Amino acid sequence: MDIIHKIEAWGDGHHPRFLDAIRIALGIFLMLKGIAFMQNISGLQYIIENRADISLPPSVLIAVVYYAAFIHMTGGALVALGIFTRLSALLQLPVVFGAVFFVNLWLSPVNTELSASIICLVLLVVFMVIGSGKVSLDNYFKMIRN
């Protein structure tokens with residue numbers, strides 16, 4: 001646990017202001033992706049049901065889509081607001097990692113969202129390490145407590 005505290009302390013001390021704007025933009029982008037998943041659920045269900053090389057039952061795959069949408073909407077909101085940023089980024093990582101390697105490279109290799117998925121993956125790792133920054137609810141609540 002000491003290593004985690006050292007990483008948190010280093011991240012809190014090395015946080016430029018422009019990263020707050022990037023964190024907020026990332027959170028909004030992830031929320032919008034979650035909303036887009038929910039709005040296009042029938043199209044995703046059609047794609048999943050018509051893939052012969054997927055061995056999982058369609059109900060499991062649809063549950064994964066709903067999980068991804070939920071994680072993107074709630075986690076994106078938390079990242080944008082700067083509350084529980086490290087935890088939200090950690091919970092987003094499997095979904096975005098799956099988007100990079102499973103969806104973009106295996107299911108649809110001509111998809112143009114590969115670069116956006118890679119950027120999101122890198123930024124989530126960055127914010128998991130450095131935290132939420134000065135312009136965040138975490139910092140606001142920390143100032144109120146002290």
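Residues numbered from 1 in each chain as written. Predicted model: local features only at pLDDT ≥ 70, side-chain atom pairs only at ≥ 80, totals over all residues. Heavy atoms only, no water.

**Looking at the nonpolar core**
Of all hydrophobic cores here, the largest spans 13 residues; its most connected members are Leu26, Leu30, Val96, Cys120, Leu121, Leu124 and Phe127. Listing elements by their share of this core, those giving two or more residues are α2 (18-39), α5 (85-107) and α6 (114-130). The element contributing the most residues to this core is α6, with six residues. (Core = buried A, V, L, I, M, F, W, Y, C linked by side-chain atoms within 4.5 Å. Buried < 20%, exposed > 50% of the residue type's maximum accessible area, 1.4 Å probe, protein only. Helix = DSSP H or I, 4+ residues; strand = E, 2+ residues; numbered from the N terminus.)

**Some words on unusual backbone geometry**
At Phe84, a residue that is not glycine, the phi angle is positive and equals roughly 50 degrees. Positionally, Phe84 belongs in the loop between α4 (58-81) and α5. On the basis of relative accessibility, which here comes to 52%, the residue Phe84 falls in the exposed class.

**A closer look at the confidence of the model for the protein**
Across the protein, the average pLDDT comes to 82, with 79% of residues at 70 or higher. Of all the helices and strands in the protein, helix α3 (residues 41-49) carries the lowest mean pLDDT, 70, while α2 carries the highest, 91. (pLDDT = per-residue confidence, 0-100.)

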